[in-house]
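Chain and residue survey
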Amino acid sequence: MKPKVAFFDFTSCEGCQLDALNITGEELLDLANAVDIVNFREVKTDRSDDYDIAFIEGSISREAEIPRLQAIRNQAKVIVALGACACIGGVNCLKNHLPMEEALRIVYGEAAKYYDTIPARPINAVIPVDYYVRGCPPPTAEFLKVVKALLLGKKPDIPNHPVCVQCKMAGNVCVFERGMTCLGPVTRAGCDAICVTAGRICWGCRGLVDDPNTDSEKDILQKYGLTAEQVMEKFKIYDTYLEVMPK
Ligand code: SF4
Ligand code: SF4
Ligand code: SF4
C-alpha cells in the first residue's frame, strides 16, 4: 500500500505548492510510484479525508484556521510544514508589528469590519510538526529529499550551517563589502545562496540555524560600522514571529 498524501493551504500565496508541481521527468515518476496523492486542490478535484501524510503550506492567521489544522493533525500520521510561512511564520507575520485592527484597516479599508484576523504564527505554534521543508518557496531538491527521508522513516539531512558557507563556495563577493547588510551569517543553508548569487542579499527565508553565532554577527556589525537596528530591520521580513510573539 502506498502512503496517502494530502496537501493543504492556510494563509499563503500557494507558491510552495506551485513549486512542488515543478517536479518533472524521472523524479515525478518516482514520486508517483511511491505515494498516492489523495488531496491536492491545485491538481485534482477529488478529495479524500483518508490520508497518512499531510503537507501544510501557509501560516495560521485566523481563529477558524486553528480547528481545521488540529483536525488535519488528528488524521495524519506525519505532518510536514511546507515553506517559510508554515515553518517560521514568514511574511504573514509582518502584520504582527501592528495592532490587528490597524492591519485589517490597511488591507481592507472600510470593509475591515467583515474580516477577522489574529497575529500570524507558524504551524508548530498550534500543532506538533514532524518534518520541515524550508524556504520561500523551498528548493525542489529539498522537497524531494524530505519526501524520500520520511518515506524511509529517516531524518532528512538538512544543513545546520549558515548560508555564508554556500555563498563562499559559490564564489560570491560578500555584500557587506558593498555596503549592504545580509542575514546569511545566521540563516540556515540549503539554497546554495541563490539570492546573493543573483545579485541580491539573503533575507533569511530559511529561518535561523539552530545555534546562530550572535558573536560573529556582532563582529560583522562592528567591522562594517553597522547598527543592530540595520540588521534587525532585515529580520522583519521572515523572522518577525521570533521577535513579536502573538498575544
Ligand atoms: S513560503 Fe513564500 S512561496 Fe510559500 S506560501 Fe509563503 S510566501 Fe508563498
Ligand atoms: S553575502 Fe551574505 S551570505 Fe554571502 S558571505 Fe556575505 S553575509 Fe554571507
Ligand atoms: S539566500 Fe537567503 S533569502 Fe535567498 S533563498 Fe537562501 S535563505 Fe532564502
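Residues numbered from 1 in each chain as written. Chains lettered and ligands numbered in written order. Predicted model: local features only at pLDDT ≥ 70, side-chain atom pairs only at ≥ 80, totals over all residues. Heavy atoms only, no water.

On to the site of ligand 3, then. Close to ligand 3 lie Thr 187, Cys 191, Ile 194, Cys 195, Cys 202, Trp 203, Gly 204, Cys 205 and Arg 206, which account for all nearby residues. For the shell around ligand 3, the per-class residue count stands at six nonpolar, two polar and one charged. (Near = heavy atom within 4 Å. Nonpolar A, V, L, I, M, F, W, Y, C, P; charged D, E, K, R; others polar.)

A few words on empty space enclosed by the protein. One pass over the full model with this rule turns up two cavities of 30 Å³ or more. Along its surface, the largest cavity is lined by Val 5, Phe 7, Leu 31, Val 35, Ile 37, Ile 53, Phe 55, Phe 143, Val 147, Leu 150 and Leu 151. Looking at the lining of the largest cavity, the elements with two or more residues in it are strand 1 (4-9), strand 3 (53-57) and helix 6 (140-152). Tallied by class, residues from the lining of the largest cavity come to 11 nonpolar, no polar and no charged. (1 Å grid on protein atoms, 1.4 Å probe; cavity = no way out; pocket = protein on both sides within 12 Å on 5 of 7 lines; lining within 4 Å. Points joined across faces, edges and corners; volume = space filled by probe spheres on them. Helix = DSSP H or I, 4+ residues; strand = E, 2+ residues; numbered from the N terminus.)

As a further point, take the site of ligand 1. Around ligand 1, 13 residues are found, and the nearest of them are Cys 13, Cys 16, Ala 84, Cys 85 and Cys 136. Among the secondary structure elements, those contributing two or more residues to the shell around ligand 1 are helix 1 (15-20) and helix 4 (84-88). Across the shell around ligand 1, the residue classes tally to seven nonpolar, four polar and two charged.

Here the focus is the confidence of the model for the chain. Interpretation of this model should avoid reading the predicted coordinates in detail wherever pLDDT is low. Scored by pLDDT, the chain comes out at a mean of 91, with 98% of its residues at no less than 70. Taken element by element, the chain is modelled with least confidence in helix 9 (residues 214-223), mean pLDDT 76, and with most confidence in helix 3 (residues 65-75), mean pLDDT 98. (pLDDT = per-residue confidence, 0-100.)

In this section: a nonpolar patch on the surface. Together, Ile 106, Val 107, Tyr 108, Tyr 114 and Tyr 115 give the surface a local cluster of nonpolar side chains, amounting to about 580 Å² of exposed area. Note on placement: Val 107 falls in helix 5 (residues 100-108). On the basis of relative accessible area, Val 107 is assigned to the exposed category, the value being 59%. (Patch = residues over 30% accessible without salt bridge, like charges linked within 9 Å, V, L, I, M, F, W, Y side chains within 5 Å. Areas by Shrake-Rupley, 256 points an atom, 1.4 Å probe, with all protein chains shown as cover. Salt bridge = Lys/Arg side-chain N within 4 Å of Asp/Glu carboxyl O. Buried < 20%, exposed > 50% of the residue type's maximum accessible area, 1.4 Å probe, protein only.)

Moving on, we get to the nonpolar core. Counting residues in each nonpolar core, the largest one holds 23 residues, and the members touching the most others are Phe 8, Tyr 51, Ala 54, Ile 56, Ile 72, Ile 79 and Ile 123. Elements supplying a minimum of two residues to this core: strand 1, strand 3, helix 3, strand 4 (78-82) and helix 4. The dominant element in this core, judged by the number of residues it contributes, is helix 4, at four residues. (Core = buried A, V, L, I, M, F, W, Y, C linked by side-chain atoms within 4.5 Å.)

Tracing the sequence through the fold places Ala 141 in helix 6. Residue Ala 141 is classed as exposed on the basis of its relative accessible area of 59%. For the pair Ala 141 and Ala 20, spaced 121 residues apart in the sequence, the C-alpha separation amounts to 9.7 Å.

Below, the discussion takes up the pairing of strand 3. Looking down a regular strand, the side chains alternate between one sheet face and the other. When you tally the buried positions in strand 3, you get five out of five residues, the bulk of the element. Of the two faces of strand 3, both are covered, the one formed by Ile 53, Phe 55 and Glu 57 as well as the one formed by Ala 54 and Ile 56. Bridge count between strand 1 and strand 3: five bridges; the pairing is parallel. By the bridge assignment, Phe 8 is partnered in strand 3 with Ile 56. (Pairing = 2+ DSSP bridges.)

In this structure, the largest pocket spans a volume of roughly 380 Å³. Contributing to the lining of the largest pocket are 21 residues, with Cys 136, Cys 191, Ile 194, Cys 195 and Cys 205 lying nearest its centre. Top contributing element to the lining of the largest pocket by residue count: helix 8 (residues 194-197), with three residues. Classifying every residue of the lining of the largest pocket by side-chain character gives 13 nonpolar, four polar and four charged.

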